[in-house]
Amino acid sequence: VVVKPNIGWDRRPEQAANTQPLVVKAVVAQALLAGAKKVQVFDRTCNEQRRCYANSGIEQAIRELNDDRAMIEHIDQRKFVPVEIAKGKALTRWEIYKDALDCDCYINLPVAKHHGLSRLTLGLKNSMGIIGGNRGSLHHDLGQSLADLATVIRPKLTLIDATRILLDNGPQGGNLDDVRRMDTLIAAVDPVAADAYATTLFDLQPDAIASTVAAHRLGLGEMALERIKVVSA
């Protein structure tokens, strides 16, 4: 099993720039309880990797499980492999992390937050942490690029962490005044539906997010809120 949180930023948990460590810990624990022989946790960070892993609290959370099957790993650049994206419109080939492609179960575990370029970063955007190459070059058509990647990066489950959401100055954040506590998790096997519903937490509609629209057009999931069955727990 691969559990892919957002660990991209040298920020503390309360700043809501990364996935909440207690959520990551709980998901990994559930995967182990379900019989996973190995659970890998990793991210291609934006800030210095060791500081991100430590200050996010995620490294410590995995260590606290005290289980050799649960591993938080630094990205190995040798594991990025070229992948043909047959259904891609903006991307037809890109390097993707081999472990994320080869695992039996890929669980996408992003944090819900504001993003200066894509307006929000949710589930589809979290795939940026498992791709190689020059990620900045994707920003000219980011929504379509993320949708194209989603045709080959197919999580079995998307679990969006909205325990705390970052309302402004994302994706890095830093100011606690930009954080709203929601104590909410959004789980779906449909990655488009997960993003569509999460968008409403920011008082926006799904069609405000280019990646959601592009992924829906590619047939990757449902974005119409009236067609999404929401079960609250």
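Up top is the structure these notes are about.
Please read these numbers as outputs of a predicted model, since none were measured by experiment.

Novice: Is there a simple way to explain empty space enclosed by the protein in this structure?
Specialist: In this approach the atoms are scanned with a rolling probe the size of a water molecule, which exposes any empty space left behind. What the rule picks out here adds up to two cavities of 30 Å³ or more. Contributing to the lining of the largest cavity are 15 residues, with L124, A150, I153, P155 and P191 lying nearest its centre. Looking at the lining of the largest cavity, the elements that each hand over two or more residues are strand 6 (106-109) and helix 5 (142-150). For the lining of the largest cavity, the leading source of residues is helix 5, giving three residues.

Novice: Explain the environment of L22 to me, please; I cannot follow it from the model alone.
Specialist: Checked against the element boundaries, L22 lands in helix 1 (residues 21-33). The exposure class of L22 is exposed, given its relative accessible area of 59%.

Novice: So what exactly am I meant to see when it comes to the packing of aromatic side chains here?
Specialist: Two aromatic rings are characterised by how far apart their centres lie and by the angle between their planes. Per the counting criterion, the structure on display carries two aromatic pairs. Through pairs of rings, three or more aromatic residues link up here, namely F42, F80 and Y97.

Novice: Explain the side chain of K125 to me, please; I cannot follow it from the model alone.
Specialist: Tracing the sequence through the fold places K125 in the loop between strand 8 (119-121) and helix 5. Apart from the residues lying within four places of it in its own chain, the contact partners of K125 are H115, S118, L142 and L146.

Novice: Explain the nonpolar core to me, please; I cannot follow it from the model alone.
Specialist: Generally speaking, nonpolar side chains in soluble globular proteins are found buried as a group. Within the largest apolar cluster, 40 residues are counted, with the highest numbers of intra-cluster contacts made by V3, V28, V41, F42, I62, I130 and I131. If you tally residues by element for this core, the top one is helix 1, at six residues. Once residues within four sequence positions are removed from consideration, I131 is found in contact with R44, F80, W94, E95, I96, L138, L149 and I153. Core analysis: the second largest hydrophobic core is formed by 14 residues, I160, A198, F202 and L204 among them.

Novice: How do you make sense of the layout of surface pockets when you look at a structure like this?
Specialist: As a volume, the largest pocket reaches approximately 420 Å³. Lining the largest pocket are 18 residues, with I186, A187, Y197, V230 and V231 positioned closest to its centre. Take the lining of the largest pocket: its biggest share by element is five residues, from strand 10 (residues 179-188). Within the lining of the largest pocket, the residues separate by chemical class into 12 nonpolar, two polar and four charged. What lines the second largest pocket is a set of 18 residues, among which W9, C46, K125, M128 and R135 lie closest to the centre. In terms of residue class, the lining of the second largest pocket is made up of four nonpolar, eight polar and six charged.

Novice: Would you mind going over the side chain of H115 with me for this structure?
Specialist: In this fold, H115 is placed in strand 7 (residues 111-115). One polar contact links the side chain of H115 to the main-chain amide nitrogen of L117, over a distance of 3.0 Å.

Novice: So what exactly am I meant to see when it comes to helix 5 here?
Specialist: The buried fraction of helix 5 amounts to nine of the nine residues, a majority that puts the element mostly inside the structure. Listed as buried for helix 5 are L142, G143, Q144, S145, L146, A147, D148, L149 and A150. Residues of helix 5 that are buried make contact with strand 5 (93-97) and helix 7 (210-217).

Novice: In this structure, what is going on with the pattern of salt bridges? I would like to understand it.
Specialist: Two side chains that carry opposite charge are able to pair once their charged atoms sit near each other. Applying the stated criterion across every chain yields a total of 11 salt bridges. For K4, the salt bridge is made with D43, and the minimal N-O distance between the two is 3.0 Å. In this pair, K4 is assigned in strand 1 (residues 2-5) and D43 in the loop between strand 2 (39-41) and helix 2 (49-55), connecting sequence segments 39 residues apart. When sorted by exposure, K4 lands in the same class as D43, which is buried. Notably, a salt bridge pairs K98 with D102, separated by 2.5 Å at the nearest N-O pair. Of this pair, K98 and D102 are both found in helix 4 (residues 98-102), four residues apart, which corresponds to roughly one turn of the helix. What makes D102 partly exposed here is its relative accessible area of 48%.

Calculation criteria
- Residues numbered from 1 in each chain as written.
- Predicted model: local features only at pLDDT ≥ 70, side-chain atom pairs only at ≥ 80, totals over all residues.
- Heavy atoms only, no water.
- 1 Å grid on protein atoms, 1.4 Å probe; cavity = no way out; pocket = protein on both sides within 12 Å on 5 of 7 lines; lining within 4 Å.
- Points joined across faces, edges and corners; volume = space filled by probe spheres on them.
- Helix = DSSP H or I, 4+ residues; strand = E, 2+ residues; numbered from the N terminus.
- Buried < 20%, exposed > 50% of the residue type's maximum accessible area, 1.4 Å probe, protein only.
- Phe/Tyr/Trp six-rings, centres within 6.5 Å; stacked < 30°, edge-to-face > 60°.
- Contact = heavy atoms within 4.5 Å.
- Core = buried A, V, L, I, M, F, W, Y, C linked by side-chain atoms within 4.5 Å.
- Nonpolar A, V, L, I, M, F, W, Y, C, P; charged D, E, K, R; others polar.
- Polar contact = N/O pair within 3.5 Å; in protein donor to acceptor, adjacent residues only side chain to side chain.
- Salt bridge = Lys/Arg side-chain N within 4 Å of Asp/Glu carboxyl O.

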